[in-house]
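# Coordinate inspection notes
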Amino acid sequence: MPVLTKEQQFDLLYYMLLTRRLEEHLVGLFKEGKISGGLYSSLGQESISVGTTYALEKEDVVSPVIRNIATVLIKGYTPKDIFCQYLARVDGPTKGKDTTLHFGEIERGTVAPISILGPLIPIMAGVALAGRMQKRKRVALTYIGDGGASTGDFHEGMNFAAVQRLPFICVIENNQYAFSTPVTRQSRIADLAQRAVGYGIQYAIVDGNDVVAVYEATRKARALCLEGEGPFLMECKTFRVKGHAEHDDPSKYVPRAIFEEWRKKDPVDHYVHSLLDQKVFTAAELSEMENKIQQILEQAKKEALESPLPSSEDTSTGVFRV
Ligand SMILES: Cc1ncc(C[n+]2csc(CCOP(=O)(O)OP(=O)(O)O)c2C)c(N)n1
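Here we summarise the structure given alongside this text. Given the structure is predicted, the values throughout are model-derived calculations rather than measurements.

What follows is about the overall build of the protein. Along the backbone of the protein there are 12 helices and 7 strands. Here the protein has a C-alpha radius of gyration of 19 Å; the compact-globule value for 322 residues is 20 Å, and the two agree. If one aligns the C-alpha atoms of the protein with their principal axes, the spans along those axes are about 60 × 50 × 40 Å. Counting the 322 residues in the protein, one finds 52% classified as buried. In the protein, 74% of the contacts between residues at least 6 apart in sequence involve partners at least 24 apart. Total accessible area on the protein stands at roughly 15000 Å², and carbon and sulfur atoms take up 53% of it. If you average the places of the 38 positive and of the 41 negative side-chain charges in the protein, the two averages end up 3 Å apart.

Attention shifts here to the packing of helix H2 (residues 46–54) against helix H8 (residues 211–229). One way to put it is that H2 packs onto H8 with a least axis distance of 8 Å and a crossing angle of 35°. Between H2 and H8 lies a crossing whose hand is right-handed. Where H2 abuts H8, its residues Ser47, Ile48, Val50, Gly51, Thr52 and Tyr54 lie against Val211, Val214, Tyr215 and Thr218. Looking at side-chain class alone, the contact of H2 with H8 contains 6 nonpolar, 4 polar and no charged residues.

This brings us to the environment of glycine 243. Within the secondary structure layout, glycine 243 lies in the loop between strand S7 (232–237) and helix H9 (256–263). Spatially, the C-alpha atom of glycine 243 lies 31 Å from that of arginine 108, the residues being 135 residues apart in sequence. Sequence-distant contacts of glycine 243, defined by excluding residues within four places in its chain, comprise Arg67, Asp248, Pro250 and Tyr253.

As summarised here, the arrangement of the 5 strands in space is S1-S2-S3-S7-S6, forming an open sheet in which the pairing is parallel. Whereas interior strands pair on both sides, the edge strands pair on one side only; in this sheet they are strand S1 (61–63) and strand S6 (202–207). This sheet shows a mean twist of 20° between the axes of neighbouring strands, independent of strand direction. Judged from the 3 bridges that link them, S1 and strand S2 (residues 140–145) form a sheet pairing that is parallel. Paired with valine 61 across the bridge in S2 is alanine 140.

This part covers the site of the ligand. Near the ligand you find 13 residues, and of these Arg67, Ser115, Gly147, Gly148 and Tyr177 are the closest. In this structure, serine 115 approaches the ligand through a main-chain N or O atom, which is 2.9 Å from a nitrogen atom. Interatomic distance of 3.1 Å between a backbone N/O atom of leucine 117 and a nitrogen atom of the ligand. For the ligand, whose free accessible area comes to 590 Å², the fraction covered by protein is 66%. Class assignment of the residues belonging to the shell around the ligand gives a composition of 5 nonpolar, 6 polar and 2 charged.

Let us now look at the side chain of arginine 138. The residue arginine 138 is located in the loop between helix H5 (120–133) and S2 in this model. In this structure, arginine 138 is buried with no salt-bridge partner, the nearest side chain bearing the opposite charge being aspartate 60 at 6.0 Å. Among the polar contacts listed, one links the side chain of arginine 138 to the backbone oxygen of glutamate 59, at a separation of 2.9 Å. Once residues lying within four places of it in the same chain are set aside, the contact partners of arginine 138 are Glu59, Asp60, Val61, Gly131, Pro167 and Leu226.

The subject of this paragraph is unusual backbone geometry. Across residues other than glycine, the phi torsion is negative in most instances, and most of the peptide bonds are trans. The omega torsion across glycine 230 and proline 231 is -5°, close enough to zero to call that bond cis. Within the secondary structure, proline 231 is located in the loop between H8 and S7. The phi dihedral of lysine 135 falls on the positive side, at around 55°, and the residue is not glycine. With respect to the helices and strands, lysine 135 occurs in the loop between H5 and S2.

What counts as what
Residues numbered from 1 in each chain as written. Predicted model: local features only at pLDDT ≥ 70, side-chain atom pairs only at ≥ 80, totals over all residues. Heavy atoms only, no water. Helix = DSSP H or I, 4+ residues; strand = E, 2+ residues; numbered from the N terminus. Rg over C-alpha atoms; globule rule 2.2 N^0.38 Å. Buried < 20%, exposed > 50% of the residue type's maximum accessible area, 1.4 Å probe, protein only. Contact = heavy atoms within 4.5 Å. Areas by Shrake-Rupley, 256 points an atom, 1.4 Å probe, with all protein chains shown as cover. Lys, Arg positive; Asp, Glu negative; His and termini not counted. Charge placed at Lys NZ, Arg CZ, Asp CG, Glu CD. Axes fitted to C-alpha atoms, helices over the stretch in contact; angles between N-to-C directions. Left-handed = near helix turned anticlockwise from the far one by under 90°. Nonpolar A, V, L, I, M, F, W, Y, C, P; charged D, E, K, R; others polar. Pairing = 2+ DSSP bridges. Near = heavy atom within 4 Å. Polar contact = N/O pair within 3.5 Å; in protein donor to acceptor, adjacent residues only side chain to side chain. Salt bridge = Lys/Arg side-chain N within 4 Å of Asp/Glu carboxyl O.

Geometric descriptors of this kind do not, in isolation, establish any biological role.
Okay, structure coming up:
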């Protein structure tokens, strides 16, 4: 496996910190009542979106789900795009018609997610099939939670992808709770990736809080897929440090000790410490990065708050008509 260059390590850290700080700003806006609908955080599992998407090439296609905010940042959406989207402003990707991560453009290598859990698996298998029919050197990747991995669409999509040997990577973000349902009530197997055996495909079980491990596993999965050995099922073990969304209080159903345990495994802290210990960065370089990120976010937030809400005409364009 190639060793990451300093520049690549810098990028990984940058996107981890950018995501963490951006979500902190979004929480602030949510508490001020400026974000309508729910706010679903990736706190504690940023390394999965960062490690997987950073491992992809420009021609690859990815569909985020609600917690994969780092994915769209790496695919080139700006912090201003994100603020405008969450604040439903006209300068956002959906021009104020939707919120959260409900946007995508195939030209940019992103497919908009849908709220129903499961159907993205056959859809992204279809994207992988289309790429192969067009003779493109491309993989398709999407994410699903431990809860979503219990749906019928997940099984049908994985089986279809397996039979067709598609260049498709499915990442299970096993954060151990589907809303308030623990993973032990979703499945009797300890590792959800073991389901790959039933489809006859390869799999990996990865420490989802280790961005380098996630990156390396995705590079390997991508190479296998392009050699015709796909699809690939990757389970990233992690934990959802907050509630399902900002409006949900997880202390009602998650034992306190589990929170304490996972806070100690924080993926951002873990990566910062490992880079400092290996002397890849100095503390001064890190604080310079933090300052730069805060400046970018303050400016982006200001511009987004100045962007107007959509007019009634704006809301009726760019939509399907029946
Ligand atoms: C088919 C379906 N059932 C239920 C829901 C309602 N719902 C939205 S998110 C969610 C929990 C998802 O849990 P998981 O898949 O583990 O992902 P996580 O939120 O933990 O990242 C549920 C039940 C839905 N959107 N679609």
